[in-house]
Amino acid sequence: MALIIQKFGGTSVGDVDRIKNVARRIKSYVDAGNQVVAVLSARAGVTNELIARAKQINPHPDEREMDMLMTVGEQETIALMAIALQSIGQPAVSRTGAQAGIVTDFEHTRARIVEISGGDIPLLLSQGKVVIVAGFQGINKHGQATTLGRGGSDLSAIALAAALKADICQIFTDVDGVYTADPRVVPAARKIHEISYDEMLELASSGSKVMQSRSVEFAQKYNVTFEVRSSMNDNPGTLVKAEVPSMEDVVVSGIAVDKNQVKVVVSNLPDSPGVAAAIFEEIGAAKVVVDMIIQNVGREGRANLTFTTSNEDAHRATVAVDQACKKIGGGNVQQSGGIAKLSIVGVGMRSHSGVAAKLFKTLADASINIDMISTSEIKISVVIDLDKADRAARLVHSVFGLDAK
Ligand code: ADP
Ligand code: ASP
Ligand code: MG
């Protein structure tokens, strides 16, 4: 008998028929002799709708109340799923994040998991029940509901798999697996059979939303092998696991586009030691995640600093920089959108040269201007105009030989 954690995303539980479908799928695994813990997302669109409603009232709503609001979405689907399973003769019971003992820190809307007890899940499983857990949510040590960042149900599933020592963790979604690029943007994208944690993490943190990046980080840390596959068919999916040597044969394994980026420009700063430190200390204290950073050469004692961050963090970033500028006694901050980040990822880059040159030439030949560049051992990212991002992705995908034959 195996213990399987199965996560079903928003589209997979998007309406009553899909919920019934998933219930039948879960039951088939139980009938085959397994124990199943299912982690669910809210119905597709519900979390966005809840956020939009709050923002109609206040564009920067209180984060504790946002968590109160957002956890509603997952509570609907877990109850409906338990009802669906019970009605086909499968004993099942739902649990909130708090009831499953998912304890987090105090950072509302982007909390980190600090421990998972699992609550009474082992007992319920031993009674032959399927346990349905609300994804994306936890509870802090003051008893307040928290959420784990957008797409956080992936993290709930992987963290539960680690805590319960599950045999298998399956992420069921609306595509057949992890592709060489988002198949909705690059029709020629191919399904990847196996991918390393490092590559999956770089793709996820570069905007490929098929997996939440923090969930991949967690899986790597606790060595949870997981499979990404479709909830609509039985096709084999993608295995995400520790690296094996043969993975280095492929130079570029995937491409990601992040359209959720904002550029923050801090101009007219005093060009003196400690200025960048003062700014990024303030940004760090505001828990803003900064991506690319460029500081230009100072002129006449003044300098500019530019960095990118996500749309969600942009407001907090601007407020933090403003505060820093006041302390420093100089500098103006400005935000601008209309950009996208294109990234190419592959562990094979470690042992191959000329990858960056090939990327830059491809973009140059297509008259696509590069605004910012950053690299890591296995990734190259460029910031380009938002309206050219999809075309760039298709071109680069083809140039690096990723197109389906
Ligand atoms: P879920 O609701 O199941 O969590 P998401 O919408 O969060 O699903 O993630 C699945 C989506 O991720 C797909 O529909 C696809 O458009 C997108 N996606 C982006 N990059 C990739 C990729 N490299 N491979 C597969 N899907 C991708
Ligand atoms: N419902 C949450 C979101 O939309 C969590 C998830 O779907 O994973 O971000
Ligand atoms: Mg998701």
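See above for the structure.
Residues numbered from 1 in each chain as written. Chains lettered and ligands numbered in written order. Predicted model: local features only at pLDDT ≥ 70, side-chain atom pairs only at ≥ 80, totals over all residues. Heavy atoms only, no water.

**Student:** Run through the site of ligand 2, naming residues and quoting values.
**Tutor:** Close to ligand 2 lie S41, A42, T47, E74, F136, R150, G151, G152 and S153. Note that a nitrogen atom of ligand 2 is positioned 2.8 Å from one of the side-chain N or O atoms of T47. Within the complex, 87% of the 260 Å² of free accessible area of ligand 2 lies under protein. Across the shell around ligand 2, the residue classes tally to 2 nonpolar, 5 polar and 2 charged. (Near = heavy atom within 4 Å. Polar contact = N/O pair within 3.5 Å; in protein donor to acceptor, adjacent residues only side chain to side chain. Areas by Shrake-Rupley, 256 points an atom, 1.4 Å probe, with all protein chains shown as cover. Nonpolar A, V, L, I, M, F, W, Y, C, P; charged D, E, K, R; others polar.)

**Student:** How would you summarise the pairing of strand 7 (residues 137–140) if you had to cite specific residues and measurements?
**Tutor:** As paired elements, strand 4 (residues 102–104) and strand 7 share 2 bridges and run parallel to each other. Across the sheet, the residue bridging to T104 is N140, located in strand 7. By the bridge criterion, 3 bridges tie strand 7 to strand 8 (residues 145–147) in an arrangement that is antiparallel. Paired with I139 across the two strands is A145, which belongs to strand 8. (Pairing = 2+ DSSP bridges. Helix = DSSP H or I, 4+ residues; strand = E, 2+ residues; numbered from the N terminus.)

**Student:** Before we move on, could you go through the pattern of salt bridges and cite the residues and values that matter?
**Tutor:** Scanning the entire structure with this criterion turns up 25 salt bridges. Here R95 and D120 are joined by a salt bridge, their closest N and O atoms 2.8 Å apart. Taken together, the positions of R95 in strand 3 (residues 92–95) and D120 in the loop between strand 5 (113–116) and helix 4 (121–126) put the pair 25 residues apart, joining distant regions of the chain. Residue classification places R95 among the buried positions, given a relative accessible area of 16%. Taking the relative accessible area as the measure of exposure, D120 reaches 27% and is therefore partly exposed. (Salt bridge = Lys/Arg side-chain N within 4 Å of Asp/Glu carboxyl O. Buried < 20%, exposed > 50% of the residue type's maximum accessible area, 1.4 Å probe, protein only.)

**Student:** I'd love a proper account of the site of ligand 1, names of residues and values included.
**Tutor:** Of all residues adjacent to ligand 1, which total 16 residues, the nearest are T173, D174, Y179, D182 and R184. K209 has a polar side-chain atom sitting 3.1 Å from an oxygen atom of ligand 1. If ligand 1 stood free it would expose 580 Å²; the protein chains cover 90% of that surface. Taken together, the residues of the shell around ligand 1 break down into 6 nonpolar, 5 polar and 5 charged.

**Student:** Explain the environment of V257 to me, and be specific about the residues and the numbers.
**Tutor:** Examined against the element boundaries, V257 turns out to sit in strand 13 (residues 254–270). Contact partners of V257, with chain neighbours within four places excluded, come to S206, G207, A340, K341, L342, A389 and A393. (Contact = heavy atoms within 4.5 Å.)

**Student:** An account of helix 11 (residues 389–399) is needed here, citing residue identities and associated values.
**Tutor:** Of the residues making up helix 11, those classed as buried are A389, A392, A393, V396 and H397. Buried residues of helix 11, viewed axially, fall in a sector of 130°; they line one side. Buried residues along helix 11 sit against strand 13, strand 16 (332–345), helix 10 (355–365) and strand 18 (379–385). (Arc of directions from axis to C-beta.)

**Student:** Quick rundown of unusual backbone geometry? Include the residues and the values.
**Tutor:** Leaving glycine aside, a negative phi is the common case for residues, and trans is the common case for peptide bonds. Although it is not a glycine, K287 sits at a positive phi angle of roughly 60°. Inspection of the secondary structure assignment puts K287 in the loop between helix 8 (275–285) and strand 14 (290–295). Relative accessible area serves as the criterion here: at 41%, K287 is assigned to the partly exposed category. For E300, which is not a glycine, the phi torsion comes out positive at approximately 50°. Here E300 is to be found in the loop between strand 14 and strand 15 (302–310). The exposed category is assigned to E300, whose relative accessible area is 80%.

**Student:** Go over the sheet that holds strand 14, please, and point to the residues and values.
**Tutor:** Judged by pairing direction, the sheet is antiparallel, and its 6 strands sit side by side in the order 14-15-13-16-18-17 without closing on themselves. Among the strands making up the open sheet, the edge pair consists of strand 14 and strand 17 (372–376). Each strand of the sheet is rotated relative to its neighbour by a mean of 30°, with strand direction disregarded. In this structure, strand 13 lies alongside strand 16, joined through 11 bridges in antiparallel fashion. Note that in strand 16 the partner of Q261 across the bridge is I339. The strands that helix 6 (residues 197–205) touches are strand 13, strand 16, strand 17 and strand 18; relative to strand 16, the one it contacts most, it runs at about 145°. (Axes fitted to C-alpha atoms, helices over the stretch in contact; angles between N-to-C directions.)

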